[in-house]
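# Understanding the architecture of this molecule
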Amino acid sequence: IDVRERYVKDKKVGEGTYAVVYVGHLRHDPSSLVAIKKIKVNAEYKDGLAMDAVREVKYLQELKHPNVIALHDVFSSKDQNLSLVLEFLPGGDLEMLIKDSDIHYGVADIKAWMGMLARGVWWCHENFVLHRDIKPNNLLIAADGEVKLADFGLARSFADPLFNMTHQVITRWYRPPELLYGARQYSGAVDVWSMGMVFAELLIRVPFVAGNTDLDQTSKICEAFGTPTEENWPGVSKLPYYIATDKAHLVPLQGRDFFMRQFPTAGPVGADLLMSMCALDPRKRSTAVQCLRHNWWTIEPRPTKNEDLPRKS
Ligand code: ADP
């Protein structure tokens, strides 16, 4: 039968900038909950192009991992909008936990959440998929406390470009310097930078580098971590939007002591892991697998068990 017929939409559970989300279930099994995300496809993409979108997103269905949201199905609806049938994740997202001042959490909880994030990212990269939009609001939580990487940027490229721009505003704080400089070839290192920004934000409970514009974001990154130069990042000056800083205003690259001072709760080993995720030169940044091999995961405290993690009220 038609994929569209396999699911029943129950009620609307949320609306984002470019999609409406419903809870639904498998027609033959009312107990099997799913989330149906209907993407508002830009008019230009309609008339058949939604079918291309379906094909493009289909391979995400193969990406099965406990820390990556399951994509059960993709279809284009009668009105040519794109619908994704996703694993239903009722536990909210990491942004809600960070912002809720009634929720108290510590470094063992952060270690558990970051571990799940790092494993999800590792699995994507292992399968040649970049997420490209990692931020606390895209890290959804399952009923059992498991953190799952959601909202792959791919689907969004078919949404309305105007919505797209407003969406980028939210994403800017997690964007790595190579993208801010307009690099057109990039790697898994973009996701590792974003992962570092999430780590920092979990520790201090506010976004670590929160620029008001792309230019402001770049200068705040320079102020915080140091100014990229040909010496510390060979090739950076050739990137399209790179602006040279005069010698008087150069900020030296920050070392271990900076990360230890800024993030005391991480401890020296945690600060070292964070520093390795925040290397300006993407080639010097840790890869996801290097992050997972870091000593921080094995030293005390042990990561909190899922059932003991703080959850949304
Ligand atoms: P945004 O990223 O702007 O929050 P989304 O379109 O991704 O927007 O989602 C809108 C809302 O729908 C979310 O805030 C969340 O409450 C809900 N939602 C999204 N995906 C799921 C899911 N897989 N399971 C349960 N609820 C979801």
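Here the structure is a predicted model, which means the values were calculated and not measured. (Residues numbered from 1 in each chain as written. Predicted model: local features only at pLDDT ≥ 70, side-chain atom pairs only at ≥ 80, totals over all residues. Heavy atoms only, no water.)

### Comments concerning the nonpolar core
For soluble globular proteins, the rule of thumb is that nonpolar side chains tend to be buried together. With 79 residues, the main nonpolar core has Met 114 and Phe 225 as its most contacted residues. Apart from the residues lying within four places of it in its own chain, the contact partners of Met 114 are Met 195, Val 198, Phe 199, Leu 202, Met 277, Trp 296 and Trp 297. Core analysis: the next-biggest nonpolar cluster, separate from the first, contains seven residues, Tyr 22, Ile 36, Phe 75 and Val 85 among them. (Core = buried A, V, L, I, M, F, W, Y, C linked by side-chain atoms within 4.5 Å. Buried < 20%, exposed > 50% of the residue type's maximum accessible area, 1.4 Å probe, protein only. Contact = heavy atoms within 4.5 Å.)

### Points about the packing of helix H7 (residues 189-204) against helix H10 (residues 267-277)
Taken N-terminus to C-terminus, the directions of H7 and H10 make an angle of 145°; their axes are 8 Å apart at the nearest point. The chirality of how H7 crosses H10 is left-handed. Across the interface between the two elements, Val 192, Trp 193, Met 195, Gly 196, Phe 199, Ala 200 and Leu 203 of H7 pack against Gly 270, Leu 273, Leu 274 and Met 277 of H10. For the contact of H7 with H10, the residue count by class is nine nonpolar, two polar and no charged. (Axes fitted to C-alpha atoms, helices over the stretch in contact; angles between N-to-C directions. Helix = DSSP H or I, 4+ residues; strand = E, 2+ residues; numbered from the N terminus. Left-handed = near helix turned anticlockwise from the far one by under 90°. Nonpolar A, V, L, I, M, F, W, Y, C, P; charged D, E, K, R; others polar.)

### Concerning the site of the ligand
Around the ligand, 15 residues are found, and the nearest of them are Gly 16, Lys 37, Glu 87, Leu 89 and Asn 137. Between a nitrogen atom of the ligand and a main-chain N or O atom of Glu 87, the distance comes to 2.9 Å. Within the backbone of Leu 89, one N or O atom sits 2.9 Å away from a nitrogen atom of the ligand. Here the ligand occupies the largest pocket. Looking at the shell around the ligand, the elements with two or more residues in it are strand S1 (7-15), strand S2 (19-26) and strand S3 (29-39). When the residues that make up the shell around the ligand are grouped by side-chain class, the tally is seven nonpolar, four polar and four charged. (Near = heavy atom within 4 Å. Polar contact = N/O pair within 3.5 Å; in protein donor to acceptor, adjacent residues only side chain to side chain. 1 Å grid on protein atoms, 1.4 Å probe; cavity = no way out; pocket = protein on both sides within 12 Å on 5 of 7 lines; lining within 4 Å. Sits in = over half its atoms within 2 Å of the grid points.)

### Details of unusual backbone geometry
Omega for the bond connecting Glu 300 with Pro 301 falls within 30 degrees of zero, at -5°, which places this linkage in the cis form. If you trace the backbone, Pro 301 turns up in the segment after helix H11 (288-292). Of note, Arg 132 is a non-glycine position whose phi angle comes to about 75°, a positive value. Along the chain, Arg 132 turns up in the loop between helix H3 (107-126) and strand S6 (139-141). In the Ramachandran plot, Arg 205 falls in the positive-phi region, its phi being about 65° despite a non-glycine side chain. Within the element layout of this structure, Arg 205 appears in the loop between H7 and helix H8 (214-225).

### So, the pairing of S3
As paired elements, S2 and S3 share eight bridges and run antiparallel to each other. Its bridge partner lying in S3, Gly 24 is registered against Val 34. Following S2, the chain reverses through two residues before pairing antiparallel with S3. Across six bridges, S3 lies against strand S5 (residues 82-87) in antiparallel orientation. What sits directly across from Lys 37, in S5, is Leu 84. (Pairing = 2+ DSSP bridges.)

### A word on the layout of surface pockets
Here the idea is plain: a probe the size of a water molecule rolls over the atoms and shows the empty space left. Put simply, the largest pocket is a space of about 910 Å³. For the largest pocket, the lining is made up of 38 residues, of which Val 21, Lys 37, Asn 137, Leu 140 and Asp 151 are closest to its centre. Elements supplying a minimum of two residues to the lining of the largest pocket: S1, S2, S3, S5, helix H2 (94-99) and helix H5 (161-171). Grouping the constituent residues of the lining of the largest pocket by class yields 23 nonpolar, seven polar and eight charged. (Points joined across faces, edges and corners; volume = space filled by probe spheres on them.)

### What to know about H8
With 12 residues, H8 should reach 16 Å at 1.5 Å per residue; the first-to-last C-alpha distance of 16 Å fits that figure. Where H8 is concerned, the buried positions are Asp 216, Gln 217, Thr 218, Ile 221, Cys 222, Ala 224 and Phe 225. Against the buried residues of H8 lie helix H6 (177-180), H7 and helix H9 (256-262). After H8 finishes, the residue Gly 226 shows a positive phi value of roughly 120°. (Expected span 1.5 Å × (residues − 1).)

### Quick notes on the sheet that holds S1
With respect to topology, five strands assemble into an open sheet ordered S1-S2-S3-S5-S4, the strand pairing being antiparallel. What marks the edges here is a single partner per strand, and that holds for S1 and strand S4 (71-76). Each neighbouring strand pair of the sheet contributes to a mean axis angle of 25°, computed without reference to strand direction.

### Some points on the pattern of salt bridges
The full count for this structure, using the stated rule, is 14 salt bridges. Residue Arg 4 is joined to Asp 2 by a salt bridge in which the shortest nitrogen-to-oxygen separation is 3.4 Å. Close ionic contact of Asp 257 with Arg 261 constitutes a salt bridge, the shortest N to O distance being 3.8 Å. Placement of both Asp 257 and Arg 261 in helix H9 is noted, with a separation of four residues, approximately one turn of the helix. (Salt bridge = Lys/Arg side-chain N within 4 Å of Asp/Glu carboxyl O.)

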